[in-house]
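Report on the structure
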Amino acid sequence: MSEVKISEKVAAPADEVWELLGDFGGLARWCGPVLQSCTVEGSGVGAVRTIGLETGPSECRIDWEARFEPDGVSEEQARRMLESSYSGSIARVRRLLGA
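The paragraphs below set out a description of the structure included in this document. (Residues numbered from 1 in each chain as written. Predicted model: local features only at pLDDT ≥ 70, side-chain atom pairs only at ≥ 80, totals over all residues. Heavy atoms only, no water.)

**Some points on the pattern of salt bridges**
As enumerated under the stated definition, the model contains six salt bridges in all. Two residues, E76 and R79, come together in a salt bridge whose shortest N-O distance is 2.4 Å. Of this pair, E76 and R79 both sit in helix 2 (residues 75–97), three residues apart, roughly one helical turn. Look at R79 and you get partly exposed, because its relative accessible area is 26%. (Salt bridge = Lys/Arg side-chain N within 4 Å of Asp/Glu carboxyl O. Helix = DSSP H or I, 4+ residues; strand = E, 2+ residues; numbered from the N terminus. Buried < 20%, exposed > 50% of the residue type's maximum accessible area, 1.4 Å probe, protein only.)

**Examining helix 2**
Because each turn of an α-helix spans 3.6 residues, side chains separated by three or four positions end up pointing in the same direction. For helix 2, which comprises 23 residues, the first-to-last C-alpha distance of 33 Å matches the rise-based estimate of 33 Å (1.5 Å per residue) to within 8%. Within helix 2 the residues assigned to the buried category are A78, S85, Y86, G88, S89, I90, R92 and V93. Residues of helix 2 that are buried sit in contact with strand 1 (2–10), helix 1 (14–21) and strand 3 (60–68). Phi turns positive one or two residues past the end of helix 2, at G98, with a value near 65°. (Expected span 1.5 Å × (residues − 1). Contact = heavy atoms within 4.5 Å.)

**Some words on the pairing of strand 1**
With burial as the criterion, only one face of strand 1 is covered, namely that bearing S2, V4, I6, E8 and V10; the residues E3, K5, S7 and K9 on the opposite face remain uncovered. Pairing analysis gives nine bridges linking strand 1 to strand 3, with the strands arranged antiparallel. Bridge pairing links S7 to D63 in strand 3. (Pairing = 2+ DSSP bridges.)

**What about the packing of helix 1 against helix 2?**
Contact geometry for helix 1 and helix 2: axes closest at 11 Å, N-to-C directions at 120°. When the axis of helix 1 is compared with that of helix 2, the two are oblique. Handedness of the helix 1/helix 2 crossing: right-handed. Judged by residue contacts, E16, V17, L20 and L21 of helix 1 engage V93, L96 and L97 from helix 2. Here the residues of the contact of helix 1 with helix 2 sort into six nonpolar, no polar and one charged. (Axes fitted to C-alpha atoms, helices over the stretch in contact; angles between N-to-C directions. Parallel < 35°, antiparallel > 145°, perpendicular 65-115°, else oblique. Left-handed = near helix turned anticlockwise from the far one by under 90°. Nonpolar A, V, L, I, M, F, W, Y, C, P; charged D, E, K, R; others polar.)

**Examining helix 1**
Listed in full, the buried residues belonging to helix 1 are A14, V17, L20 and L21. For helix 1, the angular spread of the buried residues around the axis is 125°, confining them to a single face. Residues of helix 1 that are exposed and point over 90 degrees away from its buried face: D15 and E19. (Arc of directions from axis to C-beta.)

**Focus on the environment of D15**
Along the chain, D15 falls in helix 1. Among the residues examined, D15 registers a relative accessible area of 58% and is labelled exposed. Sequence separation between D15 and E59 is 44 residues, and the spatial gap between their C-alpha atoms is 9.7 Å.

**A short note on the environment of R67**
Within the element layout of this structure, R67 appears in strand 3. Residue classification places R67 among the partly exposed positions, given a relative accessible area of 48%. It is 5.5 Å that separates the C-alpha atoms of R67 and S2, two residues lying 65 residues apart in sequence. A polar atom in the side chain of R67 sits 3.3 Å from the side chain of E65. (Polar contact = N/O pair within 3.5 Å; in protein donor to acceptor, adjacent residues only side chain to side chain.)

Next up, the structure:
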């Protein structure tokens, strides 16, 4: 089982960040070009999405984790792809919030 965890500060209030990230079906708003499509039906088998917010007056922390079995690529390739995707998505959230 592979794991990826990204934790980065965003210079914006937690409620503004959560407004973007909290909409499970709204990934297209902030996930960027890596997102091909997004459909939400139930909770999915083994699907886990965790976003931790460390509140503060003008910043918060995003903790984003995944556990997965790579298919068609090595664990290292899959891990690097997800790390890049998560970091890029957080960067787009910062840009959307001007943070």
